[in-house]
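# Structure assessment
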Amino acid sequence: MEQPILVGAVLYDPKVSVIWEIIRDFFEARDCPIDAVFYTNYELMVRALVQGHIDIAWNSPLAWLDAVRQLGGACRAIAMRDTDRDRVSHIITKTQSRISTVEDLRGKTVAVGAKDSPQATLIPLRWLQHHGLEPERDFQVRRFDVLVGKHGDHVGGELQAFQCLARGEADASALLDLNWRGWTRNGTIDSHAYQILTTTAPFDHCCFTVRADFPPDREQRFVQVLFAMHYDDPKHREMMDMEGLKAWVPGRTSGYTLLHEAVTSQHVFDEHPG
Amino acid sequence: MEGYTWTLRVSASERGQATVFTRQHQYRVGAPVHFDRAYEGVSALEYVLGAIGADLVNGLQTLGRRRRVAIDHVEAVVEGELNNPLTYLGVVGETGHPGLEKVRVRVHLASPEEGEAIHRLWHEMLATSPLVHTFQAALQLELKLQVMV
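What comes next is a walk through the structure. Computed from a predicted model, the values in this text were never measured in an experiment. (Residues numbered from 1 in each chain as written. Chains lettered and ligands numbered in written order. Predicted model: local features only at pLDDT ≥ 70, side-chain atom pairs only at ≥ 80, totals over all residues. Heavy atoms only, no water.)

### Observations concerning the nonpolar core
Ranked by size, the top nonpolar core spans 63 residues in total, and within it Trp20(A), Phe27(A), Ile56(A), Phe208(A), Phe222(A), Met229(A) and Leu60(B) carry the most contacts. The contact partners of Phe208(A), leaving out residues within four places of it in the chain, are Val7(A), Trp20(A), Ile56(A), Ala57(A), Trp58(A), Arg76(A), Ala77(A), Ile78(A), Ala79(A), Phe222(A), Leu226(A) and Trp248(A). Of all hydrophobic cores here, the second largest spans 32 residues; its members include Ile54(A), Ala57(A), Val263(A) and Phe269(A). (Core = buried A, V, L, I, M, F, W, Y, C linked by side-chain atoms within 4.5 Å. Buried < 20%, exposed > 50% of the residue type's maximum accessible area, 1.4 Å probe, protein only. Contact = heavy atoms within 4.5 Å.)

Quick look at the structure:
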């Protein structure tokens with residue numbers, strides 16, 4: 001039997017393992033066996049990829065940049081979800097507040113998610129830097145470090161940042177567009193009471209990452225099977241809904257520029273020389 | 001007195017459903033733990049939690065009959081928490097263990113009897129329950145009785 005491709009993933013909730021069981025069965029049925037290896041945080045998983053313990057890593061955007069950094073660029077983003085492309089984050093305020101421009105945040109408090117959350121912390125803060133506002137100099141940052149190491153996969157920090165805004169302990173909070181949409185729909189956020197102050201430039205989210213020396217035939221086989229999932233097929237749809245996508249698409253790296261800027265300006269990897 | 005031993009035979013199948021044979025009965029048990037609400041089988045953990053609840057409600061019924069304390073209905077809600085379910089999945093870097101950490105049982109009992117008689121029954125049942133004694137020594141076992149008239 002062909003040696004299974006080892007695919008790493010960070011698990012923040014046991015329920016996520018169910019998705020991987022379905023994916024594993026899907027690949028098995030198409031003669032492309034994979035084994036999922038779970039990690040408690042991205043740092044461990046990136047290390048495993050760098051050291052060759054796993055073949056493919058399901059990387060967060062920050063983990064992608066970390067892999068690029070540690071491998072000196074010798075890696076490839078081979079696939080991602082359609083929903084990983086062109087995401088944006090919003091910075092929201094209360095409708096009743098007197099904040100109507102980004103400049104009005106000067107001297108105020110902005111609540112953000114975990115320190116390693118691209119969507120709820122790093123990119124929004126970078127966006128404000130683009131607008132001439134320096135964190136902790138021009139405005140105060142109130143951070144909610146929930147499950148650090150999981151790069152904001154767990155929305156807990158993002159939610160606590162919003163709740164901080166709701167309690168009046170911050171003047172604005174940052175969150176991913178998908179969460180804004182979901183939380184205004186399910187009533188977590190009253191869309192009449194809150195407004196989007198500014199929206200970041202688009203960025204890309206997760207991607208399957210391989211080292212440059214991963215055999216092209218194995219990579220080809222993996223993406224071939226991955227791209228064979230079709231949302232129109234009810235058997236595939238359940239898993240795709242759980243994973244939040246309508247289609248798998250080729251990986252691209254053009255969507256990580258803003259995060260790269262954020263990582264550099266906020267010295268994210270300075271604590272982890274790699 | 002000689003020890004009394006229960007012997008069950010448990011046979012695995014390819015589809016991850018074991019069959020348990022005990023005396024003239026048999027039943028099927030699924031994965032040790034499962035996290036999919038749509039999972040077809042009943043996990044071993046669910047059997048354990050169910051057994052604790054059954055021990056309590058059946059214990060009350062049995063003892064009620066013996067003590068002539070009328071019970072109209074008795075039902076238990078059982079909640080179990082593992083120490084760290086991610087360790088069961090073999091997540092690299094997780095600490096702790098996959099064992100049960102806490103079990104909470106709320107027993108709802110409807111009876112026309114006076115409260116004192118019910119509470120006497122409850123305490124007698126707890127004192128004679130094999131599973132309560134077993135799990136009290138092994139984990140945090142929270143037991144609450146709610147009497148409905």
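There is more to say, and it comes next.
### Thoughts on the interface of chain A and chain B
In this complex, chain A contributes 13 residues to the contact, which on the side of chain B involves 11 residues. Buried surface at the junction of chain A and chain B, both sides included, amounts to about 950 Å², of which 70% is carbon and sulfur. Taken together, chain A and chain B are joined by one salt bridge. One salt bridge connects Lys150(A) with Glu94(B), and the closest N-O pair in it is separated by 3.9 Å. Counting the contacts that link chain A with chain B gives three residue pairs in polar contact (both at pLDDT 80 or more). Those elements that provide at least two residues to the side of chain A that touches chain B are α1 (16-29) and β2 (34-39) of chain A. The class makeup of the residues in the side of chain A that touches chain B is seven nonpolar, two polar and four charged. (Buried area = accessible area lost by both parts, 1.4 Å probe. Salt bridge = Lys/Arg side-chain N within 4 Å of Asp/Glu carboxyl O. Polar contact = N/O pair within 3.5 Å; in protein donor to acceptor, adjacent residues only side chain to side chain. Helix = DSSP H or I, 4+ residues; strand = E, 2+ residues; numbered from the N terminus. Nonpolar A, V, L, I, M, F, W, Y, C, P; charged D, E, K, R; others polar.)

### So, the packing of aromatic side chains
If you walk through the whole model with that rule in mind, you get 12 aromatic pairs over all chains. Ring centres 4.9 Å apart and planes at 70 degrees place the aromatic pair Phe162(A) and Tyr194(A) in the edge-to-face group. In this pair, Phe162(A) is assigned in helix α5 (residues 156-166) and Tyr194(A) in strand β9 (residues 194-199), connecting sequence segments 32 residues apart. Comparing Phe162(A) with Tyr194(A) shows no difference in burial state: the two are buried. Judged by centre distance (6.3 Å) and plane angle (55 degrees), the ring pair of Phe35(B) and Tyr88(B) falls under tilted. (Phe/Tyr/Trp six-rings, centres within 6.5 Å; stacked < 30°, edge-to-face > 60°.)

### Details of the sheet that holds strand β6 (residues 140-148) of chain B
All names here are of chain B. Taken in spatial order, the three strands make up an open sheet running β4-β5-β6, and their pairing is mixed. With partners counted over all chains shown, the strands left at the sheet margins are β4 (73-82) and β6, one partner each. The average undirected angle you get between the axes of adjacent strands in this sheet is 10 degrees. Inspection of the sheet shows β4 paired to strand β5 (residues 100-110) by 10 bridges, in the antiparallel sense. (Pairing = 2+ DSSP bridges. Axes fitted to C-alpha atoms, helices over the stretch in contact; angles between N-to-C directions.)

### A short note on the side chain of Glu158(A)
Residue and element names in this part refer to chain A. Residue placement: Glu 158 occurs in helix α5. For the buried Glu 158, no salt bridge is present, and the opposite-charge side chain at shortest range is Arg 87, 9.7 Å distant. A polar side-chain atom of Glu 158 sits 2.7 Å from the main-chain amide nitrogen of Leu 176. If we skip the residues at most four places from it in the chain, Glu 158 touches Gly 113, Gln 119, Ala 120, Ala 174, Leu 175, Leu 176, Asn 179 and Trp 183. (Lys, Arg positive; Asp, Glu negative; His and termini not counted.)

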